[in-house]
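Architecture and fold: a report
Residues per chain are reported as follows:
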Amino acid sequence: MPLTACIDGEGIATDQFIPAALDQVTFGGEIYAVPEFNTVQLTMANKKLLDAAGLGVEDVNGSDWEALSAANEALNQGEGSSLQVIGYDSKLPEFLPLWAHANGTDLISQDGRTAQLDDPAVAEALAWAVSIYDAQGGFGEVKAYRDSADFFGGGNQFATDVLGAMPMEQWYINVLNEASPDVPMVFDTVRDRQGEPIAYASGNAWAIPSGTENPAAACRWMKVMTEVDTWVAAAEARKTAREADGLAFTGLLTGNTAADEAVRALVEPSGSEVWDGAVEAMYTANDSTFSLPANPADAEFESAWQDAVNSVLNGQAEPAEALAQAQEAAQKALDDAWAAWENREE
């Protein structure tokens, strides 16, 4: 249900929320959810492997695609079924919006009405990101090897030196810090081709189903769960728990800028260049977010571009061809959904 009355009645300070997060829950002039967590990507890299190849994090942060392709080949060991080290993982299909934005475009217009999947800059981004896998024996082989890692444990791909670098959501910092705190890592934001930090914002939010029996209680719950004092209390509890385990508190990204500032004030230098660098990169990324606009055909739109990416990864189509087909499907879905929405309002 739209939350205008809820927000006004409870005095929820929507001006405190990160614009990219609020944009994703705003449609037709109404806010439909209250952002909770914000999720951003960072460049995460194995410093041991970078050093051995004579590389730095600037070679794998996305600012120079030619340099990153060269770094991928320098870091990669083996190929196909004999793959031993993944040089770089461009994280397709899910990160196509990130690479398209890095290349100066987005998958959909800002008003959410026009698909832009056939933009040559999208095809260029997809072709480059796929080439990262092709240079290592193909997406299937890389994915199979990637999926064999103990992703959440001490045998993760960085701890076992089987991955050079990848973009990954910030929550993985805590996983690495807890499971393999001594692994030589280096962190940066993901960067566009002009070298500026970028992050494709996503996350989760509180919403109220239409027809719920007690929307007033749900509204109060959402306010309490997302206000600054609540987040500070949660952060203090997490900090205490991590310190008791001998771990660094690496902050939280809440979707609320005022809460983020208050929580960041609780983050203390850990004495580790690795983890302090991770925290710094996380907050820089959080200040550099973009998002795709809400639209009435969101699921169909996402399915169209993800199916296109998968067809290229599976060798069934070339990037421009796959995206042209996806453009037709996505635009029809958008046109139909917008027409239905506007007729509903009438």
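Below: a short report on this structure.

1. Some words on the environment of Leu 3
If you trace the backbone, Leu 3 turns up in the segment before α1 (4-10). Among the residues examined, Leu 3 registers a relative accessible area of 0% and is labelled buried.

2. Overview of the state of the cysteines
Any covalent bond linking the sulfur atoms of two cysteines counts as a disulfide. In this structure the tally under the stated criterion is 1 disulfide. Note on cysteine connectivity: Cys 6 is disulfide-linked to Cys 219, with sulfurs 1.9 Å apart. Taking the torsion about the sulfur-sulfur bond, which here is approximately 95 degrees, the covalent link between Cys 6 and Cys 219 counts as right-handed. Pair noted here: Cys 6 is in helix α1 and Cys 219 is in helix α9 (residues 215-226), with a separation of 213 residues, a long-range link. For Cys 6, a relative accessible area of 10% puts it in the buried group.

3. Focus on the nonpolar core
Counting residues in each nonpolar core, the largest one holds 95 residues, and the members touching the most others are Met 44, Val 60, Leu 92, Trp 99, Phe 158, Phe 187 and Phe 301. Sequence-distant contacts of Val 60, defined by excluding residues within four places in its chain, comprise Thr 43, Ala 45, Leu 50, Leu 68, Ala 71, Leu 75, Tyr 88 and Ala 165. Ranked by size, the runner-up nonpolar core spans 13 residues in total, among them Cys 6, Ile 7, Ile 31 and Ile 208.

4. Some words on the layout of surface pockets
Put simply, the largest pocket is a space of about 450 Å³. Around the largest pocket sit 23 residues that line it, and Gln 24, Tyr 200, Leu 292, Asp 298 and Glu 302 are the ones nearest its centre. Elements with a contribution of two residues or more to the lining of the largest pocket: β1 (26-27) and α13 (298-313). By residue number, the principal contributor to the lining of the largest pocket is α13, which donates 5 residues. Split by residue class, the lining of the largest pocket holds 13 nonpolar, 6 polar and 4 charged.

5. Things to note about unusual backbone geometry
Cis geometry marks the peptide bond from Leu 92 to Pro 93; its omega dihedral reads 5 degrees. Here Pro 93 lies in the loop between β5 (86-88) and α5 (96-102). The phi angle at Asp 161 is positive, at roughly 60 degrees, despite the residue not being glycine. You can see Asp 161 is positioned in the loop between α7 (139-147) and β6 (163-169).

6. Quick look at the packing of α9 against helix α10 (residues 228-244)
The angle between the axes and the distance between the axes are what describe a pair of packed helices. Between α9 and α10, the shortest axis-to-axis distance is 5 Å and the interhelical angle comes to 55 degrees. If you check the angle between α9 and α10, you find them oblique. Where α9 approaches α10, its residues Val 224, Met 225 and Thr 226 are matched on the opposing element by Val 228, Thr 230 and Trp 231. Taken together, the residues of the contact of α9 with α10 break down into 4 nonpolar, 2 polar and no charged.

7. Observations regarding the sheet that holds β6
Spatial strand order, β5-β6-β4-β7-β8-β10: 6 strands in an open sheet with mixed pairing. This sheet does not close on itself; its edge strands, each paired only once, are β5 and β10 (289-290). Taken together, the 2 bridges between β5 and β6 define a ladder with parallel strand orientation. Residue pairing for β6: Ile 86 is matched across the bridge by Leu 163. Sheet strands in contact with helix α8 (residues 172-179) are β4 (41-46), β6 and β7 (185-191), and its direction is about 30 degrees off that of β4. On top of the sheet, helix α12 (residues 273-286) reaches β4, β7, β8 (197-200) and β10; it is set at about 10 degrees to β7, its chief contact.

8. Remarks on the packing of aromatic side chains
On inspection of all chains with the given rule, the structure shows 14 aromatic pairs. Considering the side-chain rings of Phe 27 and Trp 341, the 4.7 Å spacing of their centres and the 70 degrees angle between planes classify their relative orientation as edge-to-face. Taken together, the residues Phe 27 in strand β1 and Trp 341 in helix α14 (residues 319-345) connect sequence positions 314 residues apart. Neither residue differs from the other here; Phe 27 and Trp 341 are each classed as buried. Between Trp 65 and Trp 99, the aromatic rings sit 6.5 Å apart at their centres with planes inclined by 85 degrees, giving edge-to-face as the arrangement. With Trp 65 in helix α4 (residues 65-75) and Trp 99 in helix α5, the pair connects residues that are 34 residues apart, well separated along the chain.

9. Details of the environment of Val 142
Along the chain, Val 142 falls in helix α7. Residues Val 142 and Ser 81, spaced 61 residues apart in sequence, show a C-alpha to C-alpha distance of 8.8 Å. Setting aside residues no more than four positions away along its own chain, Val 142 makes contact with Leu 83, Ile 86, Tyr 133 and Gln 136.

The rules behind the values
- Residues numbered from 1 in each chain as written.
- Predicted model: local features only at pLDDT ≥ 70, side-chain atom pairs only at ≥ 80, totals over all residues.
- Heavy atoms only, no water.
- Helix = DSSP H or I, 4+ residues; strand = E, 2+ residues; numbered from the N terminus.
- Buried < 20%, exposed > 50% of the residue type's maximum accessible area, 1.4 Å probe, protein only.
- Disulfide = S-S within 2.5 Å.
- Core = buried A, V, L, I, M, F, W, Y, C linked by side-chain atoms within 4.5 Å.
- Contact = heavy atoms within 4.5 Å.
- 1 Å grid on protein atoms, 1.4 Å probe; cavity = no way out; pocket = protein on both sides within 12 Å on 5 of 7 lines; lining within 4 Å.
- Points joined across faces, edges and corners; volume = space filled by probe spheres on them.
- Nonpolar A, V, L, I, M, F, W, Y, C, P; charged D, E, K, R; others polar.
- Axes fitted to C-alpha atoms, helices over the stretch in contact; angles between N-to-C directions.
- Parallel < 35°, antiparallel > 145°, perpendicular 65-115°, else oblique.
- Pairing = 2+ DSSP bridges.
- Phe/Tyr/Trp six-rings, centres within 6.5 Å; stacked < 30°, edge-to-face > 60°.

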